[in-house]
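Commentary on secondary and tertiary structure
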Amino acid sequence: MATETKPATEDVKIDLFEDDDEFEEFEINEEWEVKEEGKEVTQQWEDDWDDDDVNDDFSIQLRRELENNAEKN
Amino acid sequence: MAYLSMGESHRRITDYLNRFSDAVYSQDGAALSKLLSFSSNSPYLLSLADALNVFQDANRLLKQSEKYAQFGEITAPLFRSLQNYRLGNLADAYQAFEKAANAFTQEFRNWESAWALEALYVVAYEIRVLAERADRELASNGKSPEKLKGAGSFLMKMFGVLAGKGPKRVGALYVTCQLFKIYFKLGTVHLCRSVIRSIETARFFDFEEFPKRDKVTYMYYTGRLEVFNENFPAADHKLSYALMHCNPRNEANIRMILKYLIPVKLSIGILPQDWLLKKYNLVEYRNVVLALKRGDLRLLRHALQEHEDRFLRSGVFLVLEKLELQVYQRLLKKIYIIQKQKDPSKAHQMKLEVIVKALKWLEIDMDLDEVECIVAILIFKNLVKGYFAHKSKVVVLSKQDPFPKLNGKPVNS
């Protein structure tokens, strides 16, 4: 078919009119159950992550760095 | 193509015309839909297309009986479209399809009940995808692709037929979603506004009465618009609605919702669980999340650079770039906690010099003035509570809640 043999450069040009994230069509009569509100949400997201824990590698290195520098001065 | 006799061609064409008028008379929307669904490439329509190309003069047939002639305004251009479609002349197929679609919409307007909604959906969908294919054909022949824009104008007319009071209103959201797909593809999203206004201000029709599939699609697209407008609470509401109501089996759509919802959640201080990123293959957000958790400015900048193209294409780059302030806040908080463990009495006095050192360790070169400026912004945005002791180059942190959490609210602007 003609559409398959068009040169690659044309693809690029048309690509400007693309939306990468076009939502897929649902079937006209597609049916599904909606999950219970709340339950699922807490499993997906974390809003209490901003803790006082400084025992991770990054914090340990940061501490070392600040202390080293403090000594040098 | 195997040999097709004139007699057989004639039989196929009259069979189609009979089915068409039977479907209308018995108000059988599902049967009518099948007769319009080109993109389904059903053997029935393909064999009809072959018959039309053998028979050539179907118009004469249409005029032979009142039964056929009655819907001739629809079926004659539809036949022409199908012939061209079968031959791969997509721009011509589009042109004729638009004529048929116009005639169909006129009929639909006159039908009192909404029995033919399903068929109308098919017309709305077909005209969009046919226009896209026609534009690709036109562009590859060096001509200007303008059919999708035309399909948009047509669908606006169709929207007008549905949007009033009455039983057909329930179909308005499907057409809206097809329009969104066109406007997003053409980059003319400002055109969404008037349709949105019409959907959201109608007091005589509750949004919840629309079909679920359309509500989910609508919330996805309007949520994306809110992301572009940097209206994060509204974006959160709309995209979360889409996520919650989407068919859980449709993972591609869930992934697309998350692609926009995650930066929105991050910007109001909420992180996605790691399994969510893995399950939906959204690993480009992994280091962004880690950078927020750690207070690692270098990692944030690397993560944005690494996936710059992807983030720019989806339009979330600017949203993610603004996370820097939250990462600064986290870094300062870490320094504060480390100081506090060493000497609790002096922890609330933070030398700007210490921040400069921490940043240097992260390979970010800033002098005292620049750091002072950043801290001033953090204080202004209420990410840090405190004040400057300017002469001694120290920021004095509030003893109560020096690093307020966002708690689901956007950073002050």
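For chain B, the name recorded in an unreviewed UniProt entry is Enhanced ethylene response protein 5, with Turnera subulata as its organism.

In the nomenclature of an unreviewed UniProt entry, chain A corresponds to 26S proteasome complex subunit SEM1 from the organism Turnera subulata. Its UniProt record gives chain A a comment under Sequence similarities (unreviewed entry), which states: "Belongs to the DSS1/SEM1 family." Listed under Subcellular location (unreviewed entry) in UniProt, the entry text for chain A is "Nucleus".

Assigned secondary structure in chain A consists of three helices and one strand. For chain A, the α and β elements follow one another from N to C terminus as α-α-β-α. Taken over 73 residues, chain A has a buried fraction of 25%. Put simply, chain A shows about 5400 Å² of open surface, and 45% of that area lies on carbon and sulfur atoms.

What follows deals with the packing of helix 9 (residues 147-162) of chain B against helix 10 (residues 172-186) of chain B. All names here are of chain B. At a minimum axis distance of 9 Å, the contact between helix 9 and helix 10 shows a crossing angle of 160°. Compared by their axis directions, helix 9 and helix 10 come out roughly antiparallel. Of the two elements, helix 9 crosses helix 10, and the hand of that crossing is left-handed. Packed against helix 9, whose contacting residues are L148, K149, A151, G152, L155, M156, M158, F159 and L162, the element helix 10 presents A172, V175, T176, Q178, L179, I182, Y183, K185 and L186 at the interface.

This next bit is on the UniProt feature "domain: PCI" (unreviewed entry) in chain B. With numbering aligned to this structure, UniProt lists the feature "domain: PCI" (unreviewed entry) at residues 216-402 of chain B. Annotated as 66% helix and 7% strand, the span residues 216-402 of chain B places its first and last C-alpha atoms 40 Å apart.

All names here are of chain B. Residue Q56 is not a glycine yet carries a positive backbone phi of 65°. Structurally, Q56 can be placed in the loop between helix 3 (43-55) and helix 4 (58-64). A residue is classified by how much of its surface remains accessible, and Q56, at 54% relative accessible area, is exposed.

This paragraph deals with the interface of chain B and chain A. In this complex, chain B contributes 71 residues to the contact, which on the side of chain A involves 52 residues. Summed over both sides, the interface between chain B and chain A buries roughly 5800 Å², with carbon and sulfur atoms accounting for 58% of that surface. Remark: the boundary between chain B and chain A carries 14 salt bridges. The salt bridge partner of R128(B) is E25(A), with a shortest N-O separation of 2.9 Å. In this structure, the connection of chain B to chain A is made through 30 residue pairs in polar contact (both at pLDDT 80 or more).

Moving on, we come to the sheet that holds strand 2 (residues 349-351) of chain B. Residues and elements named next belong to chain B. Strand order in the open sheet made by the three strands is 2-4-3, with antiparallel pairing throughout. The open sheet has two edge strands, strand 2 and strand 3 (386-389), and neither has a second partner. In this sheet, adjacent strand axes meet at a mean angle of 25° when their direction is disregarded. Set on the sheet, helix 20 (residues 324-342) makes contact with strand 2 and strand 4 (394-397); between it and strand 2 the angle comes to about 115°. On the sheet, helix 22 (residues 368-380) packs against strand 3 and strand 4 and is oriented at approximately 150° with respect to strand 3.

So, on to the state of the cysteines. All names here are of chain B. Inspection of the entire model under this criterion finds zero disulfides over all chains. As a non-bridged cysteine, C246 has C177 as the owner of its nearest cysteine sulfur, 12 Å distant. The buried category is assigned to C246, whose relative accessible area is 3%.

The next point concerns the environment of D50(B). Residues and elements named next belong to chain B. In this structure, D50 sits in helix 3. By relative accessible area, D50 is classed as buried at 11%. Along the sequence, D50 and L87 sit 37 residues apart, while their C-alpha atoms lie 9.3 Å from each other.

Turning our eyes to something else, we now look at the environment of V170(B). Residue and element names in this part refer to chain B. Structurally, V170 can be placed in the loop between helix 9 and helix 10. Relative accessible area serves as the criterion here: at 24%, V170 is assigned to the partly exposed category. Sequence separation of V170 and F205 is 35 residues, and the distance between their C-alpha atoms is 8.6 Å. Ignoring sequence-local partners within four residues, the contact set of V170 consists of L117, Y121, F205, E209, F210 and P211.

Moving on, we get to the packing of aromatic side chains. Residue and element names in this part refer to chain B. Going through the model one piece at a time under the given rule, you end up with 27 aromatic pairs over all chains. A ring pair is formed by Y25 and F71, whose centres lie 6.3 Å apart and whose planes are at 65°; its orientation type is edge-to-face. With a gap of 46 residues between them, Y25 in helix 1 (residues 6-25) and F71 in the loop between helix 5 (66-69) and helix 6 (72-87) connect regions that are remote in the sequence. Residue F71 is classed as buried on the basis of its relative accessible area, which comes to 5%. Between the aromatic rings of F207 and Y218, the centroid separation amounts to 5.4 Å while the plane-to-plane angle is 50°, which identifies the pairing as tilted. One end of the pair, F207, is in the loop between helix 11 (192-201) and helix 12 (212-228); the other, Y218, is in helix 12, and 11 residues separate them in sequence.

Conventions used here
Residues numbered from 1 in each chain as written. Chains lettered and ligands numbered in written order. Predicted model: local features only at pLDDT ≥ 70, side-chain atom pairs only at ≥ 80, totals over all residues. Heavy atoms only, no water. UniProt positions renumbered as here; feature names shortened; annotations may be inferred. Helix = DSSP H or I, 4+ residues; strand = E, 2+ residues; numbered from the N terminus. Buried < 20%, exposed > 50% of the residue type's maximum accessible area, 1.4 Å probe, protein only. Areas by Shrake-Rupley, 256 points an atom, 1.4 Å probe, with all protein chains shown as cover. Axes fitted to C-alpha atoms, helices over the stretch in contact; angles between N-to-C directions. Parallel < 35°, antiparallel > 145°, perpendicular 65-115°, else oblique. Left-handed = near helix turned anticlockwise from the far one by under 90°. Contact = heavy atoms within 4.5 Å. Buried area = accessible area lost by both parts, 1.4 Å probe. Salt bridge = Lys/Arg side-chain N within 4 Å of Asp/Glu carboxyl O. Polar contact = N/O pair within 3.5 Å; in protein donor to acceptor, adjacent residues only side chain to side chain. Pairing = 2+ DSSP bridges. Disulfide = S-S within 2.5 Å. Phe/Tyr/Trp six-rings, centres within 6.5 Å; stacked < 30°, edge-to-face > 60°.

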